[in-house]
Amino acid sequence: MCKDCGCSVTPHTHDHHTHSHHHYQNYENPELKEEKTLEVLSKILSKNDHEAEHNREHFNEAGVLCINLMSSPGSGKTTLLESTLKALKDEMKISVIEGDLESENDAKRIREAGAEAFQITTGQSCHLDAFMVHEALHHLSLKECDLLFIENVGNLVCPASYDLGQHINVVLLSVTEGSDKPQKYPVMFKKADLVIISKADLAHHFDFDIEEASKECKKLNPKVDILILDSKTGKNLELWYQYLRLKKELF
């Protein structure tokens, strides 16, 4: 179990090669029903929310628009950021906070694309929290920044529960994942201000129903915006850039 939020990321749940599927049918975690456990989780989120507001004050004071990028692993967050940095380098000063369990691979890619980046390695934690982000801010030139991206840990569950101080939540849904993801992970998509259906030019290879996925996102969150793009081919990337320009102008 994740030490912070109680999600199932233990060796038991990941050891699917040695346990048949019926072992997980009707599985319930009794610990999450205990009053003390719920009280601890509530305190964790309350402290996090307080720190998130502190972060947001920093962003507002510095005039920095902060965007939290969330998705499952491999959906194309870093590739999208690389394209964005190259396209907007003459218009905006962009910094990036990278979140991963281990390695600085993504931060290196961002730096090579010409942006300031700070890597947070979370170890066993499946999400970033506001305290991690606050620490990262001490390593960035916030006063010289126009736009700050937080690339969250690849996960469609835990990151949705933790406010980081961001102004906008962007969720990537890759066509390689299946168009039923909004139904399976509703909390993430309910929290989204923008859903990006990524790797769009591969949809016909994976039986991904873009219309169905878009419809489910709108059911969960009628106000959500949806963009369909492909960072590799450049499809609709200009719409994404226009979105960022508009949000920054209105900020």
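In the annotation of an unreviewed UniProt entry, the chain is listed under the name Hydrogenase and assigned to Campylobacter vulpis.

Draft legend 1. Structural view of unusual backbone geometry. The backbone of Ser103 shows a phi angle near 80°, a positive value even though the residue is not glycine. On the basis of relative accessible area, Ser103 is assigned to the partly exposed category, the value being 33%. One non-glycine residue with positive phi stands out, namely Asp207, at about 60°.

Draft legend 2. Up close: the nonpolar core. Counting residues in each nonpolar core, the largest one holds 29 residues, and the members touching the most others are Phe149, Val170, Ile196 and Trp240. Elements with a contribution of two residues or more to this core: strand S1 (65–70), helix H3 (77–88), strand S2 (94–100), helix H4 (105–112), strand S4 (147–151), strand S5 (168–174), strand S6 (194–198) and helix H9 (237–250). Ranked by residues supplied to this core, first place goes to H9 with five residues. Setting aside residues no more than four positions away along its own chain, Val170 makes contact with Ile67, Asn68, Leu69, Met70, Leu194, Ile196 and Trp240. In terms of nonpolar packing, the next biggest core, distinct from the first, is built from 18 residues, Val64, Ile97, Leu128 and Leu142 among them.

Draft legend 3. Broad picture of the pairing of strand S7 (residues 225–228). In terms of strand pairing, S6 meets S7 through four bridges, oriented parallel. Along S7, the bridge assignment pairs Ile197 with Ile228. Note that the unit made of S6, helix H8 (residues 210–220) and S7 has a crossover that is right-handed.

Rules of the game
Residues numbered from 1 in each chain as written. Predicted model: local features only at pLDDT ≥ 70, side-chain atom pairs only at ≥ 80, totals over all residues. Heavy atoms only, no water. Buried < 20%, exposed > 50% of the residue type's maximum accessible area, 1.4 Å probe, protein only. Core = buried A, V, L, I, M, F, W, Y, C linked by side-chain atoms within 4.5 Å. Helix = DSSP H or I, 4+ residues; strand = E, 2+ residues; numbered from the N terminus. Contact = heavy atoms within 4.5 Å. Pairing = 2+ DSSP bridges. Right-handed = clockwise from strand over helix to strand, strands pointing away.

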